[in-house]
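# Coordinate inspection notes
The lines below spell out each chain.
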Amino acid sequence: MVDVLIVSPEIKTMTDSAFIIDCCWCKAKVAAKQLGSATHQGSDPDCGEPFGHRLFIGKCPTCGCLLAGESDQIRFQDFDADEDRWTDIVRVFPKPPKRFNSYRIPRQVTESLAEAERSLQANANTAACVMLGRALEAMCRDVLNAHDAIPGEPVPTKKIMLGEGIKRLRELKVIDQRLYDWSQELQAFRNIAAHPDDISITREDAEDLQTFGYAITEYIYDLADRYEEFKARIARRKKD
Ligand SMILES: [Zn+2]
């Protein structure tokens, strides 16, 4: 496996170069003064496909806070393009993207939440709300289709809509009244965001909705898994 770790000379020389990143305190894209970077490039030993990953550290020119971001290589010179291309830099410090522990969370949920985070960092608040609504809708389908499954038969793939979904999650006591209220707010903003009316959603509101979206995901998957593990451990202890 070709595996190269290049430490950028900027770390030693602290040149005046800059990189564009979202500052979570200024709530804006800033040209951070670059203090260092490191690149990890190589190729997959099995399929031979190249990969590239880069980390940047720097300082916000407005508030002075330290910022770190990451970027992935998406085009490779002499492999699939005339020149290398990298994704926009996504902030990983401070306020790193949220991570969940449960293996049960469907891909549609995690991908939608990740896209919402990227949208927020780009100040695309309306797009972020659409993605948060999509995550919640995917959660409803996952939980309710599993609930509606007939034993011995494949799990149905019914396209349950968001409004109906959150109502049923409340009826089945999968979520409590507070999470239901938050879900309704998320749905309302998702509906506003999905239609071409003359509205604007503030970053503050979109960030609060993101916090609700994370709390609901955590409650339905991570905390439920943790509680099951806890119960199993107590039961084992009693048996012993
Ligand atoms: Zn700042």
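Residues numbered from 1 in each chain as written. Predicted model: local features only at pLDDT ≥ 70, side-chain atom pairs only at ≥ 80, totals over all residues. Heavy atoms only, no water.

## Structural notes on the overall build of the protein chain
Secondary structure assignment for the protein chain yields six helices and seven strands. In the protein chain, the order of α-helices and β-strands from amino to carboxyl end is β-α-β-β-β-β-β-β-α-α-α-α-α. In terms of overall dimensions, the protein chain has C-alpha extents of about 60 × 55 × 40 Å along its principal axes. Sequence separation of 24 or more characterises 56% of the internal contacts of the protein chain that already satisfy a separation of 6 or more. (Helix = DSSP H or I, 4+ residues; strand = E, 2+ residues; numbered from the N terminus. Contact = heavy atoms within 4.5 Å.)

## Quick word on the domain arrangement of the protein chain
Domains assigned within the protein chain are domain 1 (3-93) and domain 2 (107-239). Its C-alpha centre places domain 1 at a distance of 31 Å from the equivalent point of domain 2. Contacts between domain 1 and domain 2 engage eight residues on the former and eight residues on the latter. Of the roughly 600 Å² buried at the junction of domain 1 and domain 2 (both faces included), carbon and sulfur atoms supply 41%. Inspection of the region where domain 1 meets domain 2 yields two salt bridges. For Lys 27, the salt bridge identified is with Glu 207, shortest N-O distance 3.0 Å. Connecting domain 1 to domain 2 are four residue pairs in polar contact (both at pLDDT 80 or more). Those elements that provide at least two residues to the side of domain 1 that touches domain 2 are strand E2 (18-23), strand E3 (28-43) and strand E7 (90-93). (Domains from an automatic or database assignment. Buried area = accessible area lost by both parts, 1.4 Å probe. Salt bridge = Lys/Arg side-chain N within 4 Å of Asp/Glu carboxyl O. Polar contact = N/O pair within 3.5 Å; in protein donor to acceptor, adjacent residues only side chain to side chain.)

## With respect to the nonpolar core
Formed by 33 residues in total, the largest nonpolar core has its most connected members in Val 109, Leu 113, Leu 136, Met 139, Leu 169, Ile 216 and Ile 220. Going through the elements one at a time, helix H2 (107-121), helix H3 (125-148), helix H4 (162-171), helix H5 (177-194) and helix H6 (203-239) are the ones with two or more residues in this core. Ranked by residues supplied to this core, first place goes to H3 with eleven residues. Those residues in contact with Leu 113, other than ones at most four positions away along the chain, are Phe 100, Leu 132, Ala 135, Tyr 214 and Thr 217. (Core = buried A, V, L, I, M, F, W, Y, C linked by side-chain atoms within 4.5 Å. Buried < 20%, exposed > 50% of the residue type's maximum accessible area, 1.4 Å probe, protein only.)

## With respect to H4
Taken as a whole, H4 has its buried residues at Leu 162, Gly 165, Ile 166, Arg 168 and Leu 169. For H4, the arc enclosing every buried residue in end-on projection is 160°, short of the 170-degree limit, so these residues lie on one face. At its buried positions, H4 is contacted by H3, H5 and H6. Note on H4: the residue one or two positions beyond its end, Lys 173, has a positive phi of about 60°. (Arc of directions from axis to C-beta.)

## Remarks on unusual backbone geometry
Of note, the amide linkage connecting Phe 93 to Pro 94 takes the cis form, showing an omega dihedral of -10°. Mapped onto the secondary structure, Pro 94 falls in the loop between E7 and H2. One non-glycine residue, Lys 27, adopts positive backbone phi at about 50°. With respect to the helices and strands, the residue Lys 27 is situated in the loop between E2 and E3. Accessibility expressed as a relative area gives 33% for Lys 27, which makes it partly exposed. For Lys 173, which is not a glycine, the phi torsion comes out positive at approximately 60°. Among the structural elements, Lys 173 can be located in the loop between H4 and H5. Exposure remark for Lys 173: the relative accessible area of 71% places this residue in the exposed category.

## Brief notes about the layout of surface pockets
Computed from the structure, the largest pocket encloses a volume of approximately 380 Å³. Among the residues forming the lining of the largest pocket, the class breakdown is seven nonpolar, three polar and seven charged. Both of domain 1 (3-93) and domain 2 (107-239) provide at least three residues apiece to the lining of the largest pocket. By volume, the second largest pocket amounts to about 300 Å³. Around the second largest pocket sit 15 residues that line it, and Gln 108, Glu 137, Ala 138, Arg 141 and Asp 142 are the ones nearest its centre. Of all the secondary-structure elements, those providing two or more residues to the lining of the second largest pocket are H2 and H3. Element by element, the count of residues in the lining of the second largest pocket is highest for H3, at seven residues. (1 Å grid on protein atoms, 1.4 Å probe; cavity = no way out; pocket = protein on both sides within 12 Å on 5 of 7 lines; lining within 4 Å. Points joined across faces, edges and corners; volume = space filled by probe spheres on them. Nonpolar A, V, L, I, M, F, W, Y, C, P; charged D, E, K, R; others polar.)

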